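Below are the chains, spelled out letter by letter.
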Amino acid sequence: MDHSAHHHHPTTPPLPRRSLLWRQLAGLAVLLLAALSCCLLQVHSGEAVVITRFGDPVRVLLQPGLAWRLPPPLESAITVDLRLRTTSSGLQDVGTRDGLRVIMQSYVAWQVPADATHITRFLRAVQNQPEEASRQIATFAGSAMETGSSGFALSSLVNTDASQLRISQLEQRLRQQLAPQLLASYGLRVVDVGLERLTLPAVTLDATVARMRAERDTIAAERTASGNEEAAAIRANAARDARIRQADASVAAAQIEAGSRVEAARIYADAYQRAPDLYKTLRSLDTLNNVVNSSTQLVLRTDAAPFRALVDGPPGLAASKSAKGR
């Protein structure tokens, strides 16, 4: 055999030990970083992180920032939202104290308190599901509205007179009933409870309109009676004042008439003293004027009084005529 025909293949030189060491260190560093990332977590503002060990809560992280935990599956982290939420009860048909029905809808503003006890209670009650908590809150709110509205008359909930409304008292009663129940059962803090809608069924609406009409009729009757009373008082006062003024006027007229009669008598007396014959003639003419008018027919002697004044004329006239004749 010809050994000179054999081919010689080149061999790969071995890697340096230093390069292999660097690669091992880099791999170890990657493993350490991966382990650190599993043990490191971030707590954000407005939320809490519950650390569970084999499913059992062991501590609650509330301060925002970085925190540590054991790597899974030893410890797990559950984030709980602490922000304010609002849940609507939906429309509920509830009864009032006077036996009428109203359709009511309320809202509940709630949040998970930032303390470990209530956060853990919330986590165990609804498995950290806010939607499930909202469904439970709506159920509680419906029951609270049913019992709360039974303590108020319909006129306290629906009224055109704002001073008779008791909506705020009903909202306060709902909050007083819901707050301890939700805190004890679900670890939830009730921030506010209010009515967002209040309507009337057809039957209740008819009854309400009838009640309002009766109230208006009562008010109208009261005001009419009051007006009639005031009118009667005004008329009575006016009649009294009229009688007083009429009496005063009668007294004044009587005084004026008496004074005029006195004055006339004085004038007559003075005239008689100055010219008695002329006075008699004028008095006779006055008598004729008062007795005789356009429809009077008299047959009297002309030489009798008071017609003698028409024939003879004023006294002294005949004497003066006779004196002139002589």
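Note that the coordinates shown come from a computational prediction; the quantities given were computed from them, not determined experimentally.

**Focus: the pattern of salt bridges**
Phase 1: For the structure on display, the rule yields 10 salt bridges.
Phase 2: Between Glu 75 and Arg 59 there is a salt bridge whose closest N-O contact spans 3.4 Å. With Glu 75 in strand S5 (residues 75-81) and Arg 59 in strand S3 (residues 56-61), the pair connects residues that are 16 residues apart, well separated along the chain.
Phase 3: Residue class for Glu 75 comes out buried when judged on its relative accessible area of 2%.
Phase 4: Through salt bridges with shared partners, one network takes in Arg 53, Arg 59 and Glu 75.

**Concerning the sheet that holds S3**
Phase 1: The antiparallel open sheet is built from 3 strands, whose spatial order is S3-S2-S5. In the strand order of this sheet, the two ends are held by S3 and S5, each with one partner. Neighbour-to-neighbour, the strand axes of this sheet turn through a mean angle of 30°, independent of strand direction.
Phase 2: Strand direction decides the pairing type here: strand S2 (residues 47-53) and S3, joined by 5 bridges, are antiparallel. Residue pairing for S3: Val 50 is matched across the bridge by Val 60.

**Quick look at the nonpolar core**
Phase 1: One finds Met 104, Val 108, Ile 119 and Leu 188 to be the most contacted residues of the largest nonpolar core, which totals 33 residues.
Phase 2: Of all elements in the fold, only S2, strand S8 (101-111), helix H2 (116-126), helix H3 (130-149), helix H4 (154-157), helix H5 (167-186) and strand S9 (189-199) reach the threshold of two or more residues within this core.
Phase 3: Core analysis: the next-biggest nonpolar cluster, separate from the first, contains 6 residues, Leu 41, Val 49, Ile 51 and Leu 61 among them.

**A look at the pairing of S8**
The side chains of a regular strand alternate, residue by residue, between the two faces of the sheet.
Phase 1: In terms of burial, S8 is a largely internal element, 8 of the 11 residues being buried.
Phase 2: In the sheet, strand S6 (residues 85-88) pairs with S8 via 4 bridges, with the strands oriented antiparallel. Residue Thr 86 lies in a different strand from S8, and its bridge partner there is Ala 109.
Phase 3: In terms of strand pairing, strand S7 (residues 92-95) meets S8 through 4 bridges, oriented antiparallel. Its bridge partner being in S8, Gly 95 is matched across the sheet by Arg 101.
Phase 4: In textbook terms, the turn of a hairpin is the stretch between consecutive antiparallel strands, and for S7 and S8 this stretch comprises 5 residues, one of which, Gly 99, has a positive phi near 80°.
Phase 5: Where S8 and S9 come together, 9 bridges link them in antiparallel fashion. Across the sheet, the residue bridging to Tyr 107 is Gly 194, located in S9.

Rules behind the numbers
Residues numbered from 1 in each chain as written. Predicted model: local features only at pLDDT ≥ 70, side-chain atom pairs only at ≥ 80, totals over all residues. Heavy atoms only, no water. Salt bridge = Lys/Arg side-chain N within 4 Å of Asp/Glu carboxyl O. Helix = DSSP H or I, 4+ residues; strand = E, 2+ residues; numbered from the N terminus. Buried < 20%, exposed > 50% of the residue type's maximum accessible area, 1.4 Å probe, protein only. Pairing = 2+ DSSP bridges. Axes fitted to C-alpha atoms, helices over the stretch in contact; angles between N-to-C directions. Core = buried A, V, L, I, M, F, W, Y, C linked by side-chain atoms within 4.5 Å.

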